[in-house]
Amino acid sequence: MAMVGCRWENSDNEGPTMTVPNGADSERNPENRDKPGFVDKNDSDESSHLSDAEVKAPEDVPLIESVSEDVSPMVGEFMEQAAQQNEAAADAVPEIKNKPGPYISFEHVYKSFGDFVVLEDVSFYVLPGETLCILGRSGVGKSVSLQMLLGFLKPDKGTIKVAGEDICGFTEPELQAIRRKVTMVFQNGALFDSISVGENVAFPMRERGEMAEDQILQVVKGLLEMVGVAGMENLLPSDLSTGMKRSVAIARALAAQPEAVLYDEPTTMVDPLMAHLLGSLIERLKQQLHLTNIVVTHDMRLAKKLADRVVFLNAGKAIFFGTMEEMERNPNPILQEFLTLDELVTPV
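Overview of the structure. Just so you know, these numbers come straight off a predicted model, no measurement behind them. (Residues numbered from 1 in each chain as written. Predicted model: local features only at pLDDT ≥ 70, side-chain atom pairs only at ≥ 80, totals over all residues. Heavy atoms only, no water.)

## Brief notes about the sheet that holds strand β10 (residues 292-296)
With mixed pairing, the six strands of this open sheet are ordered in space as β8-β9-β10-β5-β11-β12. Two strands close off the open sheet at either side, each with one partner strand: β8 (182-185) and β12 (317-322). Each adjacent strand pair in this sheet contributes to an overall mean axis angle of 15°, direction not counted. In the sheet, strand β5 (residues 131-135) pairs with β10 via four bridges, with the strands oriented parallel. In the sheet register, Cys133 faces β10, and the bridge partner there is Val295. Contacting β5, β8, β9 (260-264), β10 and β11 (309-314), helix α3 (residues 142-149) crosses the sheet at an angle of about 150° to β9. Helix α7 (residues 242-255) rests against β8 and β9 of the sheet, and its axis sits at about 170° to β8. (Pairing = 2+ DSSP bridges. Helix = DSSP H or I, 4+ residues; strand = E, 2+ residues; numbered from the N terminus. Axes fitted to C-alpha atoms, helices over the stretch in contact; angles between N-to-C directions. Contact = heavy atoms within 4.5 Å.)

This is how it looks when you write it as structure tokens:
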């Protein structure tokens, strides 16, 4: 089985497939209403399945506290292993002039499709354990940047480094090793649509083959509880709302024990409460697992909540790279127009 672009394919036509659909969720089978944990994905408030504790949980509360006692020891060990791995990965990144080096960096990157220039001389970086938000209007190369970081697209010119390594000349096996360190949460979840939620989350652990099946099932249960979709192991992705799919996608990403996570528009098309909860979850995971994050978003509230630094793309160029506070003070009229329009759309 190999990952081709954004679709998993199986050469013998057996096993799960993952699609990245462009449209709405597929038609739901009415019989699914009888499944345990079923939630109507067409509910106007898709966060209605969450408990008061999940809604009000402070961001400094350990995520393990939301996990059932029967699986807590196994899940706690799994999470601690991930946190220690990520601390070690951060220490392993080469220093630059006696300062911490970036975990991910773009250095004078160019990318075009035919005559259409997507990125032109773009540079930015994210340090280990930090979050970078990529901002800008639609069609400026934000998602293309994420695909280049995973090696699905190659730059025309420039250098892309991940975990301190220049990946531009990597072979496919070398890129597969990078993708085990850096995983992506797609905008639509990109779950395997032919297998259950629980099997989706178990997939990375079964692929590694390092855990017993009973341990995998315990971690699956705990991760789903941790991300706010407890008890939905037996549902299919088509039974879930957009926000729930993203939560499951985050659980599947965590199951791979990555060093970095790339999020593509995590709060698009979800209700405000779910957007808040997803943002809080991303921040808590970063703090408690020492994850490095890149978040592509139009959501300025999310960016202000998460970003250690932001890069703003416009007309193929990075016209700003710095902190959110520096961006708000920057007199560039394009930045100020973006900020002003955002205030009109999402007033505080």
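## Some words on the sheet that holds strand β7 (residues 165-166)
Taken in spatial order, the four strands line up as β4-β3-β6-β7 in an open sheet, and their pairing is antiparallel. Each end of this open sheet is capped by a strand with a single partner; those strands are β4 (116-126) and β7.

## Things to note about the packing of aromatic side chains
Considering all chains together, one arrives at four aromatic pairs under this definition. With 5.0 Å between their ring centres and 80° between their planes, Phe312 and Phe338 make a pair best called edge-to-face. Residue Phe312 is located in strand β11, and its partner Phe338 is located in helix α11 (residues 333-345); the two are separated by 26 residues in the primary sequence. Residue placement shows Lys157 over the ring face of Tyr110; its charged tip is 4.5 Å from the ring centre. (Phe/Tyr/Trp six-rings, centres within 6.5 Å; stacked < 30°, edge-to-face > 60°. Lys NZ or Arg CZ within 6 Å of the ring centre and 35° of its normal.)

## Looking at the packing of helix α5 (residues 197-208) against helix α6 (residues 213-226)
Closest axis-to-axis distance for the α5/α6 pair is 9 Å, and the angle between their directions is 125°. Our classification of the angle between α5 and α6 gives oblique. You can see that α5 and α6 cross each other, and the crossing is right-handed. Within the contact between the two elements, α5 uses Val197, Gly198, Val201, Ala202, Met205 and Arg206 and α6 uses Glu213, Ile216, Leu217, Val219, Val220, Leu223 and Leu224. Residues belonging to the contact of α5 with α6 are distributed by class as follows: ten nonpolar, one polar and two charged. (Parallel < 35°, antiparallel > 145°, perpendicular 65-115°, else oblique. Left-handed = near helix turned anticlockwise from the far one by under 90°. Nonpolar A, V, L, I, M, F, W, Y, C, P; charged D, E, K, R; others polar.)

## Some thoughts on unusual backbone geometry
Of note, the phi angle at Ala163 is positive, near 55°, even though the residue is not glycine. Topologically, Ala163 is positioned in the loop between β6 (157-162) and β7. Judged by its relative accessible area of 16%, Ala163 is buried. (Buried < 20%, exposed > 50% of the residue type's maximum accessible area, 1.4 Å probe, protein only.)

## Some details on the pattern of salt bridges
On inspection of all chains with the given rule, the structure shows eleven salt bridges. Note that Glu130 and Arg309 form a salt bridge whose closest N and O atoms lie 2.4 Å from each other. Taken together, the positions of Glu130 in the loop between β4 and β5 and Arg309 in strand β11 put the pair 179 residues apart, joining distant regions of the chain. Judged on exposure class, the residue Glu130 and its partner Arg309 are both buried. (Salt bridge = Lys/Arg side-chain N within 4 Å of Asp/Glu carboxyl O.)

## Some remarks on the environment of Ser68
By secondary structure assignment, the location of Ser68 is in the loop between α1 (52-56) and α2 (72-92). Residues Ser68 and Lys221, spaced 153 residues apart in sequence, show a C-alpha to C-alpha distance of 8.5 Å. Non-local contacts of Ser68, meaning those with residues more than four positions away in its chain, are made with Lys221 and Glu225. Side-chain polar atoms of Ser68 contact the side chain of Glu225, separated by 2.5 Å. (Polar contact = N/O pair within 3.5 Å; in protein donor to acceptor, adjacent residues only side chain to side chain.)

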